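# A look at the structure
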Amino acid sequence: MQDNSSPFKLAIIGFGAVGQGVARVVQSVPHLEVVAIADSKGVALTPDLEDVLARKRKGKSIANSDLTALDVIRTVDHDVVVEVTPTNIENGEPGLTHFREALKNKRNVVTSNKGPLVAAFGELTELARAQGVALRYEATVGGAMPIINLIRDTLAGTQVLGIRGVLNGTCNYILTRMAEEALEYDQVLSEAQDMGIAEADPTYDVAGIDTACKVVILANAFFNRQVTFADVNVIGIEQITQDALQLARQRGFMVKLIGDVQELTVAPKLIPLGHPLNVSGTLNAASILTDTAGEITVAGKGAGSIETASAILSDILSLMRERD
Amino acid sequence: MRISMDLELKDTPGQLIHVLTPVSALGGNVLSIVHHHDKKTFRNTVPVYVIFDIEEHKLEELQEGLEKNGVTVVRIGKMRLRERAHILLIGHIIHTDLRQTIDTIDSTGFAEVQDLSLSMPAIDGPSSAIVTIMATGNEELKTSIALLKEIAERKDLLVIVPIDEGGLSGGQNNAG
Ligand SMILES: NC(=O)c1ccc[n+]([C@@H]2O[C@H](COP(=O)([O-])OP(=O)(O)OC[C@H]3O[C@@H](n4cnc5c(N)ncnc54)[C@H](OP(=O)(O)O)[C@@H]3O)[C@@H](O)[C@H]2O)c1
């Protein structure tokens, strides 16, 4: 057992919405120390968190050293790499290299970045196991909604037979608004873009790609599968009309984009109005079917800087507890 | 009322007319006929499975008619359409296509399209429709949804099925 008064050291790699959220939420946690923060342009060593947050907000450089993110991962002493660079589903980079180097250097990895997990789940979990460190990724699925740790810890001992859910807040927002306000897809999409709920290029969300990545991660994590993005049959929401949503509503249904982990499908489905997966707005929800505990449904905020950071923090805290 | 019958016909050409005539004479409507040529009986007859709609009180008369025609009635089943599902279709739905799609479902004998609402779009936009299928049981419902899906996807329509069709728990239980 280590001296639990020695600080638990983090490096935050990536300093966008989520990285900044992490810098905020860790400040209130005793015995946690951020030893370095990296964005795409440079590295702040032993940062004053309020100061780097202010610099970033003003669009200034955060760098106070010549190191790169990879240098930090390789040479600066720390326990956990918080990897929160952009998701790249083509090849997982730059995250994949960060993950590999962190694990090779016996550092735990906590992440919200789906890219490396979708690209190389088996390799990475095996590398972590061989190195005796942890790879934690609660924040990759459902943001603040607990699902991965819920299954791994709370539901340990039950057998998971299926997982399906509303796993993308952008799609859910668009479908909810279309149905409730009788607005057309294009109009609601523009509105969502204005509000920062949808990206300028919304394809990643509305074509179902993001949901498919989450399906891949859950399938690999809990169904012992070795699947990649190409194994998922994906239909997005771009073709859905307002008329169709009204016809469905008249018969007591909503349309939701559903990721089904066992089927390896992403598709819009009709959901009865009273169904537990019928969550509105940007909420996410997932149902887990187990052998002994029946069906359990969780819902929560699927994205957002602080929400995602809170999921990352829960992984960090569980690693801290395991250390102590 | 929807009826299914297991019959045995003589293995000579033109026997089917002995089934069809009495059914239609009593106002019935044949939906599906399956010949089991491969399962010929030792009496040298061919098992045939038919599904048709007919008024319930005419059933006895029908049975007499069939037997008078030399058709052996092995089993009579009354089928009830117990399971229901709604399916959304989006795309360039053309009326004639839709009619054909409905006919295909109806001709299964175990399922039928009970309701269809079509929303006509703005010029050039895709149209949307919701189809209600009733089937005799859960398996039959799934089969007919799969059939509809196959036809619609071939026509490049987006098909949105209910979450519990082929979902986690394999759908609602058959009411029994
Ligand atoms: N935002 C959410 O609500 C949410 C929810 C769940 C999961 N996620 C995932 O979490 C990750 C981070 O999301 P985000 O919203 O924070 O993204 P973001 O705002 O785009 O931030 C990405 C950060 O990564 C930095 N970066 C890019 N390449 C880098 C490199 N080679 N080395 C070091 N840093 C690099 C960027 O630097 P610059 O600042 O210099 O550009 C930026 O600070 C993504 O994988 C995303 O999919 C996000």
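Residues numbered from 1 in each chain as written. Chains lettered and ligands numbered in written order. Predicted model: local features only at pLDDT ≥ 70, side-chain atom pairs only at ≥ 80, totals over all residues. Heavy atoms only, no water.

Turning next to the domain arrangement of chain A. Residue and element names in this part refer to chain A. Assigned domains of chain A: these are domain 1 (8-142 + 305-323) and domain 2 (148-301). Taking only C-alpha atoms into account, the centre of domain 1 sits 27 Å from that of domain 2. Listed as interface residues are 16 residues of domain 1 and, on the opposing side, 20 residues of domain 2. In total, domain 1 and domain 2 occlude about 1,500 Å² of area from one another, counting both sides; carbon and sulfur atoms represent 66% of this. Taken together, the connections running from domain 1 to domain 2 amount to one salt bridge. (Domains from an automatic or database assignment. Contact = heavy atoms within 4.5 Å. Buried area = accessible area lost by both parts, 1.4 Å probe. Salt bridge = Lys/Arg side-chain N within 4 Å of Asp/Glu carboxyl O.)

With that settled, consider the interface of chain A and chain B. The partner chain B presents 23 residues to the 26 residues of chain A that form the contact. A buried area of about 2,100 Å², summed over both sides, lies between chain A and chain B, and 68% of it is on carbon and sulfur atoms. The interface formed by chain A and chain B contains two salt bridges. A salt bridge links Arg164(A) to Asp164(B); the nearest nitrogen and oxygen atoms lie 3.1 Å apart. Counting every contact that joins chain A to chain B gives eight residue pairs in polar contact (both at pLDDT 80 or more). Of all the secondary-structure elements, those providing two or more residues to the side of chain A that touches chain B are strand 7 (160-166), helix 11 (242-250), strand 9 (253-260), strand 10 (265-272) and strand 11 (283-290) of chain A. (Polar contact = N/O pair within 3.5 Å; in protein donor to acceptor, adjacent residues only side chain to side chain. Helix = DSSP H or I, 4+ residues; strand = E, 2+ residues; numbered from the N terminus.)

On to the site of the ligand, then. Within the structure, the ligand sits among 23 residues, and Ser40(A), Lys41(A), Lys56(A), Thr87(A) and Ser112(A) are positioned closest to it. One of the backbone nitrogen or oxygen atoms of Phe15(A) is found 2.9 Å away from an oxygen atom of the ligand. (Near = heavy atom within 4 Å.)

Consider a sheet: its strands pair through backbone hydrogen bonds, and that pairing is either parallel or antiparallel. All names here are of chain B. Spatial ordering of the open sheet is given by 2-3-1-4, a layout of four strands whose pairing is antiparallel. The strands lining the two open edges of the sheet, one partner per strand, are strand 2 (29-35) and strand 4 (72-79). Adjacent strand axes in the sheet meet at a mean angle of 20 degrees when their direction is disregarded. Strand direction decides the pairing type here: strand 1 (residues 2-10) and strand 3 (residues 45-53), joined by nine bridges, are antiparallel. In the strand pairing of strand 3, Ser-4 is matched with Ile-51. Contacts from helix 1 (residues 17-25) reach strand 1, strand 2 and strand 3, with the element oriented near 160 degrees to strand 2. With respect to the sheet, helix 2 (residues 59-68) is in contact with strand 1, strand 3 and strand 4, its orientation differing from that of strand 4 by roughly 155 degrees. (Pairing = 2+ DSSP bridges. Axes fitted to C-alpha atoms, helices over the stretch in contact; angles between N-to-C directions.)

All names here are of chain A. With respect to burial, strand 10 is a largely interior element, seven of its eight residues being buried. In this structure, strand 8 (residues 233-234) lies alongside strand 10, joined through two bridges in parallel fashion. Along strand 10, the bridge assignment pairs Val-234 with Val-266. Summarising the sheet, strand 9 and strand 10 pair through eight bridges and their orientation is antiparallel. Considered in strand 10, the bridge of Asp-260 is made with Thr-265. Counted between consecutive antiparallel strands, the loop separating strand 9 from strand 10 contains four residues, among which Leu-264 sits at a positive phi close to 55 degrees. (Buried < 20%, exposed > 50% of the residue type's maximum accessible area, 1.4 Å probe, protein only.)

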